[in-house]
Each structure stands twice: as C-alpha cells, then as structure tokens.
Amino acid sequence: MMGLGGLGVTGLAGCAATSGTMAVPPLAPLRMQAERITRITVCLRPFRAAGPRLDVETVANKRVVHNYGHGGSGWSLAWGSSTIAARRALEGGTRDVAVIGCGALGLTSALLLRRAGARVTIYTQDRGPQTRSARATGTWSPDSRIADADRVAPGFPALWEEMARTSYATHQTYVGLPGEPVSWSDRFVLLDNAAPGRPAASAPPAETVHFASYGGRLLDIVPHYRMLAAGEHPFPVARVRQGTSMQFNVAALMHQLTTDFLLEGGRIEAMTFHTPADLGRLREPVVVNCTGYGARALWKDESITPVRGQITWLAPQPEVRYGLYYRHVSVLPRPDGIVVQQIGDNEMFGYGIADEIPDRQEAEAAVATIAELYGRVPTRTARWL
C-alpha cells in the first residue's frame, strides 16, 4: 500500500454523496514525518471551576475589573467576555483605563474600550507573540474547559451563551481579511473499531471535573456535522463525521488586533507587576485585569487550575484546508504551520499539570498516529487527492 504522502495533491473529487448532500472535495495529504517538526509549544489553560472571573473590586485605590480564567476558550469567548468587562470598566463615566495583559482578552478589551471613547493603555510584560494566547490551538471552542457544571452560578449558562454569540458574530467580521485572521475549514472526526493508541503519559488527577458543555445552546447559528457514507471519503476507518468549523490564524489575528488598537490611538507600555499593590503605580483610576493564567501568581488566585496542552508544529502545507481528529490526536491546518495535538481520551487530560517544558516523545507519538492512518489509505482512494 502507498501512503497519501507519496501520491501528490491533485486529483478528482470524490464520488457522489448520498441524496441531499454534497460530495467531499479533493483532500490534499497531510505530510506527517517527525523530520517536518518545526517547533513544540506548551500552553497552560487557566481553568476556573466557577467560570471566567468578571467581578469588580477595589485594589490599591483602583477600580479593578477582572477578565480572566477562560480555560480553553479564551480566543473563542474574547469579544463577548471583553464586552462585559469594558461595560463594567466604563460605569461611572471614567474615560482613562489601563488594561493589564496583551493576550486575547487584553487586546479585545482594549480595542472595545478605545472604540467606546476611552483613553486606553495596555501595560504588559510580554507582547502578543510571547503571551500564552499565542500558543493556543486556534479553533472555535467556546465551551472548552470553561467551567465545572456542578459549581457554576445558576445564571452562568445564559451568560456563557451571551458571550459566545457576541464573539461568534464579531469574529466573522475578520473572515476574508488579508492573512486570514479568521477562517473556516472542513473537519473530519474519524472513528474506528481498533483499540486506540495510548495517550501520552499524564499525572493522574486528584479530582474529576464535570466540565460544562453548552454547545447545544448555539445549534441555530453554527454549522452541523453529518455522518458520511463509506464511499464519500478516503479514510480507512469505520465511521467518519464531517463538519465545518471556525478557526483562528492566531499570529495574524493577534497582529491585526494590535495594529488596530495602535492605529486607533491606543498605547502599549512595558511593565511588570509582582503584586496587586503594584497597580498603585498606574495613573489610570480603572484597571481591566486580563492576565490569564498569570493571575494565579499575581493575584494569588488558587481557583485557577492549569490544564497543560502541547502543540507540535509541522511546516505549513498551504494546500491542506481541512482538519481531523483520530485516536485522541487533533490536526488543524494553519498558515503558520500544521498543528498536531495529543488531546487525550477525555478533558481531564493535562488537568492540574503546570509543566511547560515541551515533550518531544509526546510530539512524535502524535505525529506517528496520524502518519499510520495515512499509511493505511488504499491507493484506490487517490481520486480524493
């Protein structure tokens, strides 16, 4: 058998789909070799059982609006969460606002405040490319480790829906811009009857979290997945589900937001905060705290639990326009590289692990899992290439 990697990337469309559906378009093969790994990055997602922190308090004579603790949903919920934070920051008529942090939440909060007429300065130790937000997977996942369903306030599901719908609509205004800061891609969920590959080693969690799942509240606005017939796809597995999902080219999106903020009169200053008392150095009377996982140390907020996630980056393949999930491994095509990620057999994978050291063994195992899949594709399916 010849793997897809040796068959080229052109060919005819697949056979006709079942009545009322569309055939799967030609699929370029993923080139899964360890030699193509360009880097390995690790991000600690800031999970809070109660959901994102959006309350207001007074610290060092400053009115502080918190906007952090979004788990794996920071980019997905950024516009909705920041809309709430910006509104609370402007209560009372204050027009001078400081934003702490330059990641997804910091940039969207700062932009919304600036567009509302406030004078805004972002104070940050790291610029966008150095933040944890820059190491995000880049897929629309608004309820990924967003909260513990057993520990949220009664009104949180409705609040989450408000944030998700606001973000979803705003993100779509970036579709089609140069650099594709936001785009759409086809996704394939591959399910077979064989024993799954063993996930990378992970320390056993001391607790089990009932992660909230609210996707059903958005069924009227998001594309739906469908089960494909055996003749509609090239994959050598028992079942395949296909759908379309929003994704973020994080590098381009972060650059776009930063550029927009600066062009619209915002300012960014380098500053490191060691304790909340350091806010007293700021000239602004109102502060929006968007420090993400960093809030655990800065605010001594032990309600934040790290959830480790590692990305293996392979050299970009511009011809690949689809993502897939297979045996606990997710693959997402981005202009800055092919994202390969071991995600485990449930959402407890990586929970409570604060280690940000890249694991080469985990990276190569994830790549090998997908390489094995493509190596089993019969040559007769070359019509999809």
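Cut-offs and rules
- Residues numbered from 1 in each chain as written.
- Predicted model: local features only at pLDDT ≥ 70, side-chain atom pairs only at ≥ 80, totals over all residues.
- Heavy atoms only, no water.
- Pairing = 2+ DSSP bridges.
- Helix = DSSP H or I, 4+ residues; strand = E, 2+ residues; numbered from the N terminus.
- Contact = heavy atoms within 4.5 Å.
- Axes fitted to C-alpha atoms, helices over the stretch in contact; angles between N-to-C directions.
- Core = buried A, V, L, I, M, F, W, Y, C linked by side-chain atoms within 4.5 Å.
- Buried < 20%, exposed > 50% of the residue type's maximum accessible area, 1.4 Å probe, protein only.
- Expected span 1.5 Å × (residues − 1).
- Arc of directions from axis to C-beta.
- Salt bridge = Lys/Arg side-chain N within 4 Å of Asp/Glu carboxyl O.
- Parallel < 35°, antiparallel > 145°, perpendicular 65-115°, else oblique.
- Left-handed = near helix turned anticlockwise from the far one by under 90°.
- Nonpolar A, V, L, I, M, F, W, Y, C, P; charged D, E, K, R; others polar.
- pLDDT = per-residue confidence, 0-100.

(A) Expanded view of the sheet that holds strand E14 (residues 337-342). Strand order in the open sheet formed by 8 strands is E1-E11-E14-E13-E12-E6-E8-E7, and the pairing between neighbours is mixed. Each having just a single partner strand, strand E1 (37-48) and strand E7 (226-227) make up the two edges of the open sheet. As judged from the 3 bridges shared by strand E11 (residues 304-314) and E14, these two strands associate in the antiparallel manner. When the bridges of E14 are listed, Thr 312 appears paired with Val 340. Docked against the sheet, helix H6 (residues 360-375) engages E1, strand E6 (182-191), E11, strand E12 (322-326), strand E13 (329-334) and E14, running at close to 100° with respect to E12.

(B) Just the nonpolar core, in detail. Judged by nonpolar contacts, the single largest core of 51 residues is most densely connected at Trp 75, Leu 113 and Val 288. The set of elements that each furnish at least two residues to this core consists of helix H1 (74-89), strand E4 (96-100), helix H2 (104-115), strand E5 (119-124), helix H3 (156-171), strand E8 (239-248), helix H4 (250-263) and strand E10 (286-289). Contact partners of Val 288, with chain neighbours within four places excluded, come to Val 65, Asn 67, Ala 85, Ala 89, Val 97, Ala 98, Val 99, Ile 100, Ser 109 and Leu 113. Of all hydrophobic cores here, the second largest spans 28 residues; its members include Ile 37, Leu 190, Tyr 322 and Leu 324.

(C) Structural detail: the pairing of E14. Counting buried positions along E14 gives 6 out of 6 residues, so the element sits mostly inside the fold. Of the strand pairs in this sheet, E13 and E14 are connected by 6 bridges, and their pairing is antiparallel. Following the sheet pairing, Leu 332 is matched in E14 by Val 339. The hairpin formed by E13 and E14 contains 2 residues between the paired strands.

(D) How the structure looks around H4. Along its 14 residues, H4 runs 20 Å from first to last C-alpha, staying within 8% of the 20 Å computed at 1.5 Å per residue. All of the buried residues along H4 are Val 250, Leu 253, Met 254, Leu 257, Thr 258, Asp 260 and Phe 261. On an axial view of H4, the arc spanned by its buried residues comes to 160°, and they lie on one face. Those residues of H4 that are exposed and aimed more than 90 degrees away from the buried face are His 255 and Leu 263. Of the residues one or two after H4, Gly 265 is the one with positive phi, at around 100°.

(E) Summary view of the sheet that holds strand E3 (residues 62-66). The strand order E2-E3-E10-E4-E5-E9 describes an open sheet built from 6 strands, whose pairing is mixed. Edge positions in the open sheet fall to strand E2 (56-59) and strand E9 (267-270), since each of these has one partner strand only. Going from strand to strand, the sheet's axes swing by 30° on average, the running direction of each strand aside. Two strands pair when backbone bridges link them, and E3 and E10 are joined in this way by 4 bridges, in the parallel orientation. Bridging across to E10, Arg 63 finds its partner in Val 286. Strand contacts of H1: E2, E3 and E10, with the helix running at about 165° to E3, the strand carrying the most contacts. Sitting on the sheet, H2 is in contact with E4, E5 and E10, with an inclination near 165° to E5.

(F) Quick peek at the pattern of salt bridges. For the structure on display, the rule yields 23 salt bridges. Between Arg 327 and Asp 192 there is a salt bridge; the shortest N-O distance is 3.0 Å. Of this pair, Arg 327 sits in the loop between E12 and E13 while Asp 192 sits in the loop between E6 and E7, placing them 135 residues apart in sequence. On the accessibility criterion, Arg 327 (18% relative accessible area) is buried. Three or more residues are tied together by salt bridges with common partners; here these are Glu 161, Arg 165, Arg 217 and Asp 220.

(G) Here's a closer look at the environment of Gln 172. Among the secondary structure elements, Gln 172 is positioned in the loop between H3 and E6. Its relative accessible area of 34% is what places Gln 172 among the partly exposed residues. Along the primary structure Gln 172 and Trp 184 are separated by 12 residues, whereas in three dimensions their C-alpha atoms are 9.7 Å apart. If near-sequence neighbours (up to four positions away) are discounted, Gln 172 is found in contact with Trp 184 and Met 246.

(H) Spatial organisation of the packing of H2 against H4. Where H2 meets H4, the axes come as close as 10 Å, and the angle between the chain directions of the two elements is 30°. Classed by the angle they form, the pair H2 and H4 counts as roughly parallel. In this structure, H2 crosses over H4, and the sense of that crossing is left-handed. Facing H2, whose interface residues are Leu 107, Thr 108, Ala 110, Leu 111, Arg 114 and Arg 115, H4 presents Met 254, Leu 257, Thr 258, Asp 260 and Phe 261. Considering only residue class, the contact of H2 with H4 consists of 6 nonpolar, 2 polar and 3 charged.

(I) How the structure looks around the side chain of Thr 131. Structurally, the position occupied by Thr 131 is in the loop between E5 and H3. The exposure class of Thr 131 is buried, given its relative accessible area of 11%. Ignoring anything within four residues of it in the chain, the contact list for Thr 131 reads Cys 102, Gly 103, Asp 126 and Met 254.

(J) Layout of the confidence of the model for the protein chain. In this model, the protein chain carries an average pLDDT of 89, and 89% of its residues clear a pLDDT of 70 or more. Long-range and interchain partners of residues 1-20, a stretch whose pLDDT sits below 50, account for 47 contacts in this model, where long-range means more than four residues apart. A low-confidence stretch, residues 195-201 (pLDDT under 50), is modelled with 13 contacts involving residues beyond four sequence positions or located in other chains.

(K) Main features of H3. Taking 1.5 Å of rise per residue, 16 residues should cover 22 Å, and H3 covers 22 Å from first to last C-alpha, within 8% of that figure. Burial in H3 covers these residues: Phe 156, Pro 157, Trp 160, Glu 161, Met 163, Ala 164, Ser 167, Tyr 168 and His 171. Buried positions in H3, seen along its axis, are confined to an arc of 165° and lie on one side of it. Summarising the contacts, the buried residues of H3 are in contact with H1, E6, E8 and H4.

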